[in-house]
Amino acid sequence: MHKQIVIDIKKDRCTGCSLCQLACSFEKEGKFAPGISRIELLDRDQKGFYPNMCRNCIEAPCLDACPSGAISKRQKDGYVVLDRDRCIGCNMCIMVCPFNAIGYDKNRNYKCDTCDGLEKCIKICPFGAIGFGSAERFNADRRRNLAAQLTQKGGGKDGW
Amino acid sequence: MVVVIIGSSIACKSALETLLPELSGDDRIIIVTKDIHLFYSRVMLPNYIAGELGLEEMYFAPKDLLEDTRVNVINGEVKSLDTLSREIMLDDGNRISYDKLLITSGASPARMNMPGEDLNGVFCLRNLEGAQAIRNWAKKSGKCVVLGGGLVSLKAAMAVKSLIEDVSVLVSSSKVLSKIADKTSARWVYDILVSNGIDVRFNVNIAAFEGDGSGVKNIVLKDGGRIDTDMVIIGKGVRPNMGLVDNTPIRTDKGILVNPHMQTAVEDVYAAGDVAQVYGCGDEGSGLFTLWPDAALQGRIAAANMLGADKRYTGGMGMNSAVFYGVPFIILGNVRERDTKGCEVYERFDHGRKVFRKVAVKDGRLTGAVFAGDINYAGMAYWDMRSGRKVETPEKYLTSKGLNELFSGREKF
């Protein structure tokens, strides 16, 4: 069993500069076109931005929904990937993705594959708003941050 | 332990994937199937007819799954079960005993029971052999008639249209997708089909098929009219293959009844996929959902429970996704006028972009949604529906901007 890779998005660090989207679309499609990037930049209504992308779900609904066998967990790191050569563009994965992380273009679906480990979006982000890591590290980080937050603010609305 | 799985489609595959890593000692898995080709995807049959995919591209599972030495594949049809002696009986008279049994025997096309239904050139689209026959026949035909206005019929019509110029769809009701869609989205689909040259006719009732030794020639209508054609594809829904559990204590209704563990009324006998009748996740009672994602999940849950885990199925949901000439269409839950009585219904038709969205809300919870032309965030609506999340501003589901706001507003990262 490989370790579970999780996506760590730090919303307070994102400035909405779109560099991740440009790096993503250039790597995957060969053009600077945020619209076909694997990352969607969400405007949180005056509260800042954050990059929305595949969260690599542990029980990924898209994996079950795919009728062509195009979606699978990658052997080397357990990341959920979509093989466009096998995709028939039926949109079943879009229908069940809770994060709207899968797109549709030219009769095929597409999603993030971490640039096969190159992680172009992470490398280009000047603010460290996107991170990939193991589930253990991610949870430890979140606990630590939450503890810091609670001790500073005496309990916040965002705490869980 | 000997696990016998009947059937070889997605529910079988996901069960196999769950079972294999957990087997110990001399545990074995026997797959009994009447399919010659294992693990091909029925969803891709229209792509095969259209020639977009070759035979070797029709498989959704890697072949090495079956190369495991603990897996045996037996070709044959299961005739009956003996749940007391724990055996299955095959059509060739052989018996196979099991410790745990998973029935994923799927469904077969519903027959119309009309004269001439067995003529050459009259097809159903359900299996690979059928798709091969349709493709070969269509290559030498000039005209095709598709019966039925369901998704399978429409997909078949679009696939055949890429081979034949003259394709008609005859629908017995007054709209396409009459079992799942509301009037506006049915009209939206109809417009796309017609503008791409498919002739769709409503309120047409068939009486018989006429032809000779070379194949079908005419369709006779109930009103006495005749439509000449070279081939017919019947798409009138499917019926579960559950004859094998006749004369056993296994309970059936529309399909084989199962509990949330996917277990039938008999211990150690499980059912999953199109043959299983499961509860819906809402208050719609139990039924057949016959969906690919559900079958995958059910197979996995049945297998996990065979291994002693306590995994529960959270209920099926009517949903579907289709692409009509490049335009995406997703329907979730119940959206027909007759199903949305007592619901608040919100609709928005963007005529410029040809985008239609609709949501139905009951007691503050989503019960149905249509995403036609733009399927952004359909998955979010799907999970809202499944989880029964309270919906405060339903009108936000009707625009891309609203959906965007809804999604980013609830993110807690």
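Everything discussed here concerns the structure shown above.
Being a predicted model, the structure only gives us computed values, none of them experimental.

A. Molecular detail of the interface of chain B and chain A. With 36 residues of chain B at the interface, the matching set in chain A holds 36 residues. Counting each side, the surface lost to burial between chain B and chain A is near 2900 Å², with a carbon and sulfur contribution of 58%. On inspection of chain B and its partner chain A, the count reaches two salt bridges. Residue Glu59(A) is joined to Lys311(B) by a salt bridge in which the shortest nitrogen-to-oxygen separation is 3.4 Å. In this assembly, chain B and chain A are joined by eleven residue pairs in polar contact (both at pLDDT 80 or more). Secondary structure elements with two or more residues in the side of chain B that touches chain A: helix H6 (292-306), strand S22 (319-324), strand S23 (327-333), helix H7 (378-387) and helix H8 (400-410) of chain B. Residue classes in the side of chain B that touches chain A are distributed as 23 nonpolar, nine polar and four charged.

B. Structural context of a negative patch on the surface. Taken together, Asp283(B), Glu284(B), Glu344(B) and Asp363(B) make up a surface patch of like negative charges. The topology assignment puts Glu344(B) in strand S24 (residues 344-350).

C. Representation of the sheet that holds strand S20 (residues 276-279) of chain B in the model. All names here are of chain B. Judged by pairing direction, the sheet is mixed, and its three strands sit side by side in the order S18-S20-S21 without closing on themselves. Each edge of the open sheet carries a strand with a single partner, namely strand S18 (256-257) and strand S21 (286-287). Bridge count between S20 and S21: two bridges; the pairing is antiparallel. Across the sheet, Val278 pairs through a bridge with Gly287, a residue of S21.

D. Quick look at the nonpolar core. In this structure, Ile88(B), Ile103(B), Phe324(B) and Leu332(B) are the most contacted members of the largest nonpolar core, which totals 166 residues. Counting residues in hydrophobic clusters, the runner-up holds 15 residues, among them Met114(B), Val122(B), Leu147(B) and Phe209(B).

E. Structural context of unusual backbone geometry. All names here are of chain A. One non-glycine residue, Cys115, lies in positive phi territory at about 50°. Within the element layout of this structure, Cys115 appears in the loop between strand S7 (108-110) and helix H4 (120-124). A residue is classified by how much of its surface remains accessible, and Cys115, at 11% relative accessible area, is buried. Positioned with a positive phi, Glu119 is a non-glycine residue whose angle comes to about 50°. Glu119 gets classed as partly exposed once you look at its relative accessible area, which sits at 24%.

Conventions and cut-offs
Residues numbered from 1 in each chain as written. Chains lettered and ligands numbered in written order. Predicted model: local features only at pLDDT ≥ 70, side-chain atom pairs only at ≥ 80, totals over all residues. Heavy atoms only, no water. Contact = heavy atoms within 4.5 Å. Buried area = accessible area lost by both parts, 1.4 Å probe. Salt bridge = Lys/Arg side-chain N within 4 Å of Asp/Glu carboxyl O. Polar contact = N/O pair within 3.5 Å; in protein donor to acceptor, adjacent residues only side chain to side chain. Helix = DSSP H or I, 4+ residues; strand = E, 2+ residues; numbered from the N terminus. Nonpolar A, V, L, I, M, F, W, Y, C, P; charged D, E, K, R; others polar. Patch = residues over 30% accessible without salt bridge, like charges linked within 9 Å, V, L, I, M, F, W, Y side chains within 5 Å. Areas by Shrake-Rupley, 256 points an atom, 1.4 Å probe, with all protein chains shown as cover. Lys, Arg positive; Asp, Glu negative; His and termini not counted. Charge placed at Lys NZ, Arg CZ, Asp CG, Glu CD. Pairing = 2+ DSSP bridges. Core = buried A, V, L, I, M, F, W, Y, C linked by side-chain atoms within 4.5 Å. Buried < 20%, exposed > 50% of the residue type's maximum accessible area, 1.4 Å probe, protein only.

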